[in-house]
Amino acid sequence: MAKVAVVTGSGGGLGKGIAQRLGKDGFNIVLNDINEETLNSTLEEFKKDGIEAIAVTGDVSKRDDQFNLVSKAVEAFGQLDVFVNNAGIDVVSPFLDVDEEQLNKAFSINVNGVVFGTQAAAKQFIEQKTKGKIINACSIAGHESYEMLSTYSATKHAVRSYTQSAAKELASDNIRVNAYCPGVAGTSMWDRIDEEMVKYYDHMEPGDAFKEFSGGILLGRPQEPEDVANLVSFLASDDSDYITGQSIITDGGIVFR
């Protein structure tokens, strides 16, 4: 029987890339996103590519939605083997402009979503009495805090902490909990960072922030989705069975821990 993987925030972007890789690895895939239109489009694409998949719309910041997601996965495929807490948002703001709305939204999605997803997956693994893999979206910003990204960095530090605590508590139930920590990619997030930095730093022009952060990557190029999907593929596989509680950096050589 094929293994089953849930990937939150997989309607597009990095989550979609992760889901595609796990599908190619032979997993049955449960796609999940808050945007139903994007989600259904991705589902059709997966089906055309021969990947066995279903789509479940939901908001990761809502505990009931996360438990419903696991329920739908088991209803469709009979079991759960891997749960990837990929969904998240970026936040770009000077520290003095951080407000209540920004904090609540960022933490509810990036942190609460990981906690609720981990709880839902773990309860299913325990009920099945099987090995389980929970894989969380961290970041280099979970190891190093960055200017203009204080709230985002704080949420990712929290993800790293929850990854460690959950790994310690769930190891006796044969559940591994790890995280992947991407670096700098040419994404819309960096467009927003450039926009904000230009507003607050007179010497900077659009594109400068991306150049500054990516210019020092030791391997000489910005990150591609495949670079992250390769790590998640490993963490989802039996080859990573002796690894738990780790937040592994995949950034081409920026942050060293």
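Here goes a summary of the coordinates provided. (Residues numbered from 1 in each chain as written. Predicted model: local features only at pLDDT ≥ 70, side-chain atom pairs only at ≥ 80, totals over all residues. Heavy atoms only, no water.)

**Quick word on the layout of surface pockets**
Then, in step 1: In this structure, the largest pocket encloses a volume near 1,100 Å³.
Then, in step 2: Together, 44 residues line the largest pocket, and Leu14, Asn86, Gly88, Ile89 and Asp90 are the ones closest to its centre.
Then, in step 3: Of all the secondary-structure elements, those providing two or more residues to the lining of the largest pocket are α1 (13-24), β2 (28-33), α4 (100-128), α5 (150-170), β6 (175-182), α6 (188-200) and α8 (225-236).
Then, in step 4: Of all the elements, α6 adds the most residues to the lining of the largest pocket, at 4 residues.
Then, in step 5: Looking at side-chain class alone, the lining of the largest pocket contains 22 nonpolar, 16 polar and 6 charged residues.
Then, in step 6: A volume near 250 Å³ is recorded for the second largest pocket.
Then, in step 7: If you go around the second largest pocket, you meet 13 residues; those closest to its centre are Thr118, Gln119, Ala166, Glu169 and Leu170.
Then, in step 8: Contributing elements (two or more residues each) for the lining of the second largest pocket: α4 and α5.
Then, in step 9: By residue number, the principal contributor to the lining of the second largest pocket is α5, which donates 6 residues. (1 Å grid on protein atoms, 1.4 Å probe; cavity = no way out; pocket = protein on both sides within 12 Å on 5 of 7 lines; lining within 4 Å. Points joined across faces, edges and corners; volume = space filled by probe spheres on them. Helix = DSSP H or I, 4+ residues; strand = E, 2+ residues; numbered from the N terminus. Nonpolar A, V, L, I, M, F, W, Y, C, P; charged D, E, K, R; others polar.)

**Some details on the nonpolar core**
Then, in step 1: One finds Ile18, Leu22, Ile29, Val84, Ile135 and Tyr180 to be the most contacted residues of the largest nonpolar core, which totals 24 residues.
Then, in step 2: For this core, the elements supplying multiple residues, two or more each, are β1 (4-7), α1, β2, α2 (36-48), β4 (82-85), β5 (132-137) and α8.
Then, in step 3: Ranked by the residues each element gives to this core, the list is headed by α8, at 6 residues.
Then, in step 4: Counting residues in hydrophobic clusters, the runner-up holds 20 residues, among them Phe77, Leu80, Ala166 and Ala167. (Core = buried A, V, L, I, M, F, W, Y, C linked by side-chain atoms within 4.5 Å. Buried < 20%, exposed > 50% of the residue type's maximum accessible area, 1.4 Å probe, protein only.)

**What to know about the pairing of β5**
Then, in step 1: Along β5, 6 of the 6 residues are buried, which leaves the element largely enclosed by surrounding structure.
Then, in step 2: Side chains Gly132, Ile134 and Asn136 of β5 all project onto a buried face; the interleaved residues Lys133, Ile135 and Ala137 project onto the opposite face, where all are buried too.
Then, in step 3: Relative to β5, β4 runs parallel, the two being bridged by 4 bridges. Across the sheet, the residue bridging to Phe83 is Ile134, located in β5.
Then, in step 4: Running through α4, the crossover from β4 to the neighbouring parallel element β5 is right-handed.
Then, in step 5: Of the crossover connections in this fold, the one passing from β5 over α5 to the parallel β6 is right-handed. (Pairing = 2+ DSSP bridges. Right-handed = clockwise from strand over helix to strand, strands pointing away.)

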